Amino acid sequence: MFKSKRIRNPNEKLNKWAYLFIAPFILAFLFFSLYPMISSIAYSFANENETVYENFTTFSNYKIIFEDVNFWHSFINTFIIFAMNFIPQIIAAMFFAVLFTNKRIRMKGKGFFKFVYFLPNVLTAATVVIIFRLMFMRGAAIYDENMQIIGYEGGPFYHVLRFLGMDMFTNPLYHTWTVRIVIAFILFWMWFGNSMIVFITGINGISDEVFEAADVDGASPWRVFFQITLPILKPIMLYSLITSIIGGLQMFDIPYLIRGQNLDPSVPVFAGTSSTDTITIYIYEKMKIAPHDYGIAGAASVILFIFSLSLSVAMYFVLFKEKNYEKKIWRRIKKYEQV
Amino acid sequence: MNKSNSVSFKLRKTKLTPIQLISKIILYVICIAVAFMVLLPIISLIISVTRESSEIDAGFSFQIGTHFGDNLTGLIDHLHDPYEGGYSIARAFLNSVIISVSSTALCIYFSAMTAYACHVYDFKGKAFFEKFIIFLIIIPGQLGAVGFYTMALKLNWMDTYIPFILPAIASPSTVFFMRQYLKQNFSREYVDAARMDGANEFITFNRICLPFIKPALATMALFGVISSWNNFMGPMTFLSKPELFTLPQIVNYMTNDAYIQTGPYYMGILITALPMLLIYFFLSRVIMKGVSAGGLK
């Protein structure tokens, strides 16, 4: 003990360098993160359009928000679109993760499939939306001999929607539910590869001995999945759920750009206002568009913040609890062996 | 690890039963179908830029055209129109490169520096600082948006690149990633050796540590470039002068432009997406490794 102390002593002076090294981070954090956060909170309690915080009006901005139909619309929209994207996403990601890690099936071309499935994740959302517009676009009408419209030309995904009876005989991008489906599908398309990679890492992290023991016991693949893989992956799934919710609450680009095209006056615009607005779009528009309701925008971002933070904290505690899951599974396997 | 692998699973190389064969075929069909679904939009974009505008407008098709050059010149000409107030695809490309390269460079350099300080030194408040960084990762950035916007207004940062570049210095998730990497790969003894040779602390970091953690720097640089290149909300918030627009903004501008033809329009989209596609094509392994290490949220 004494020895190590004596050796470290000459370097003790050098430890002051650490403050110099972390100074840029701390300064940038204080200036670009902490100050803006505090100022956002201050705005949320300030009077409308007030840049000075003298008129502390407490909760008036929050009251306005809670009575604002548009806010609730965007709040509900965010969750609807999130759920429609996340549930299929996590199922597909889990399916492919299990498929590509399973040692009995031994898929060929795993590397290629992984490469392809992850690819959309690096694309710019702005470009993705436009590519998908082509995919979902309704083309020219097709007439029969009596000049009655019997259908439309269109992109391949448009035909899929039509086949499922969801095109409502008009452009899917102009309808409340179909436009939500389109947005959710784009998000699914962009993110399921990412979740898949995370799950594959999780499954590879499970020691082979667990699977081996199950194999020796003659457990069916389904049983292995539901009683070993899934429970061990629970913390990772929770992690992915919470990060997705936090990311999903900040959803902006895709809904905003999908909506951006509803400029054609001949088309009903209701689909563009109430069915694609998310909380972030709400905040952005209050902040950016005159009359610049910073107070309202601040209050909305505080609500968003409290929401995300409580979810994150919940995740933190759940993850701490689940730390020794693998040991639990071992115990369970041993129990089966005894029976 | 290797040991357990060699012991585990006596893989049965016996012939598949018909049911197993059929289910295997079904699995392959599913995989290929999903791969097709993923690639279809990208393939259609690449096909579209080779077709004439009127052909694209008529509807989707796999027919490859011969109008690639026309679409490219059409795009350049359209965005050079003096009426448009200085839009130019080359300028936008350059702007995107400037922003993503400079913000990424700052991000990885200062994150490495912060992580290095946590790794090498024992300073007061270190434990708190490290926990604080992890806490910062889970805080959603949206809270600061209003405050940052009004601050930028007051400081005359509108229509400059400062709001994208400087905040990159404080990137908690990058610091966290670098810290994990240093813990696993970088021994303090290297630092002690450098000190013996009389190297300054700062030089030790630059000459000893940075070359050592190149893989981590490269991974984080990739993530930085990708997220900064794809950033849409930031430029939309802070940039209003056309000559400062980034590529995603140009794409958005073209979407609302009634005068642009479809061919050049898709060419603009391809130009925006292509650099990321190329990066992914050559470096997908690094990116996936980073994702599995929790590099990207």
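All figures in this text were calculated on a predicted structure; none of them were measured in a lab.

Rules and cut-offs
- Residues numbered from 1 in each chain as written.
- Chains lettered and ligands numbered in written order.
- Predicted model: local features only at pLDDT ≥ 70, side-chain atom pairs only at ≥ 80, totals over all residues.
- Heavy atoms only, no water.
- Helix = DSSP H or I, 4+ residues; strand = E, 2+ residues; numbered from the N terminus.
- Buried < 20%, exposed > 50% of the residue type's maximum accessible area, 1.4 Å probe, protein only.
- Contact = heavy atoms within 4.5 Å.
- Axes fitted to C-alpha atoms, helices over the stretch in contact; angles between N-to-C directions.
- Parallel < 35°, antiparallel > 145°, perpendicular 65-115°, else oblique.
- Left-handed = near helix turned anticlockwise from the far one by under 90°.
- Nonpolar A, V, L, I, M, F, W, Y, C, P; charged D, E, K, R; others polar.
- pLDDT = per-residue confidence, 0-100.
- Expected span 1.5 Å × (residues − 1).
- Arc of directions from axis to C-beta.
- Core = buried A, V, L, I, M, F, W, Y, C linked by side-chain atoms within 4.5 Å.
- Buried area = accessible area lost by both parts, 1.4 Å probe.
- Salt bridge = Lys/Arg side-chain N within 4 Å of Asp/Glu carboxyl O.
- Polar contact = N/O pair within 3.5 Å; in protein donor to acceptor, adjacent residues only side chain to side chain.

Colleague: How should I be thinking about the overall build of chain A in this particular structure?
Modeller: Each helix and strand in chain A was counted, giving 15 helices and two strands. Taken across its 339 residues, chain A has 50% of its residues classed as buried. Sequence-distant contacts, at least 24 apart, represent 67% of the contacts inside chain A between residues at least 6 apart.

Colleague: Is there a simple way to think about the side chain of Thr-174 of chain B in this case?
Modeller: All names here are of chain B. Relative to the helices and strands, Thr-174 is located in helix α9 (residues 172-185). Taking relative accessible area as the criterion, Thr-174 reaches 7% and is therefore assigned buried. In contact with Thr-174, not counting residues within four places along its chain, are Cys-107, Ser-111 and Met-220.

Colleague: Whenever I open this one, the packing of helix α5 (residues 89-120) of chain B against α9 of chain B confuses me. Can you help?
Modeller: Residue and element names in this part refer to chain B. Where α5 contacts α9, the two axes come as close as 8 Å, and the packing angle between them is 50°. Judged by the angle between their axes, α5 and α9 are oblique. At the point where α5 passes α9, the crossing takes the right-handed sense. Contacts between α5 and α9 involve Cys-107, Ile-108, Ser-111, Ala-112, Thr-114, Ala-115, Tyr-116, Cys-118 and His-119 from the former and Thr-174, Val-175, Met-178, Arg-179, Leu-182 and Lys-183 from the latter. Looking at the contact of α5 with α9, its residues break down into nine nonpolar, four polar and two charged.

Colleague: Explain unusual backbone geometry to me, please; I cannot follow it from the model alone.
Modeller: Glycine aside, a negative phi is what most residues show, and trans is what most peptide bonds show. All names here are of chain B. The phi dihedral of Asn-156 is positive, around 60°, even though this residue is not glycine. At Asp-159, a position not held by glycine, the phi torsion is positive, near 60°. By the secondary structure assignment, Asp-159 is in the loop between α7 (145-154) and α8 (162-165).

Colleague: Got a minute to help me understand the confidence of the model for chain A in this structure?
Modeller: The predicted coordinates of low-pLDDT regions are not to be read in fine detail. All names here are of chain A. Model confidence for chain A is summarised by a mean pLDDT of 78, while 76% of its residues fall at 70 or above. Of all helices and strands in chain A, the one with the weakest mean pLDDT is helix α12 (residues 270-273) (45), whereas helix α5 (residues 110-118) scores best (92). Low pLDDT, under 50, characterises residues 261-272; the predicted model gives this stretch 22 contacts beyond four residues in sequence or across chains.

Colleague: Got a minute to help me understand helix α11 (residues 201-212) of chain B in this structure?
Modeller: An α-helical segment advances 3.6 residues per turn. Residues three or four places apart therefore align on the same side. With 12 residues, α11 of chain B should cover 16 Å at 1.5 Å per step; its first-to-last C-alpha distance of 16 Å lies within 8% of that length. Every buried residue of α11 of chain B is accounted for by Glu-201, Thr-204, Phe-205, Cys-209 and Leu-210 of chain B. Seen along its axis, α11 of chain B keeps its buried residues to an arc of 155°; they face one direction. Considering only its buried residues, α11 of chain B is in contact with α2 (17-45) of chain A together with α5, α9, α10 (188-196) and α12 (214-230) of chain B.

Colleague: Which parts of the structure should I look at to understand the environment of Leu-72 of chain B?
Modeller: All names here are of chain B. Following the sequence through the fold, Leu-72 ends up in helix α4 (residues 68-80). With 22 residues separating them along the chain, Leu-72 and Thr-50 place their C-alpha atoms 9.5 Å apart. For Leu-72, the contacting residues outside a window of four places in its chain are Met-267 and Ile-271.

Colleague: Sorry, what's going on with the nonpolar core here?
Modeller: Counting 176 residues, the largest nonpolar core has Phe-96, Phe-100 and Tyr-117 of chain A together with Tyr-116 of chain B as its most contacted members. Broken down by element, the residue count for this core peaks at 15 residues, all from helix α8 (residues 176-205) of chain A. Beyond its immediate stretch of four places on either side in the chain, Phe-96 of chain A contacts Tyr-117, Phe-192 and Met-196 of chain A together with Ile-30, Cys-31 and Val-34 of chain B. One finds Ile-206, Phe-211, Ile-228 and Ile-232 of chain A within the second-largest nonpolar core, a separate group that totals eight residues.

Colleague: Just checking my understanding: could you explain the interface of chain B and chain A for this structure?
Modeller: When the parts of a complex come together, some accessible area is lost, and that lost area is often taken as the interface size. Each side of the interface is counted separately: chain B has 102 residues, and chain A has 98 residues. Both faces combined, the contact of chain B with chain A buries some 9,100 Å², and carbon together with sulfur accounts for 76% of it. Connecting chain B to chain A are zero salt bridges. Here chain B is connected to chain A by 13 residue pairs in polar contact (both at pLDDT 80 or more).

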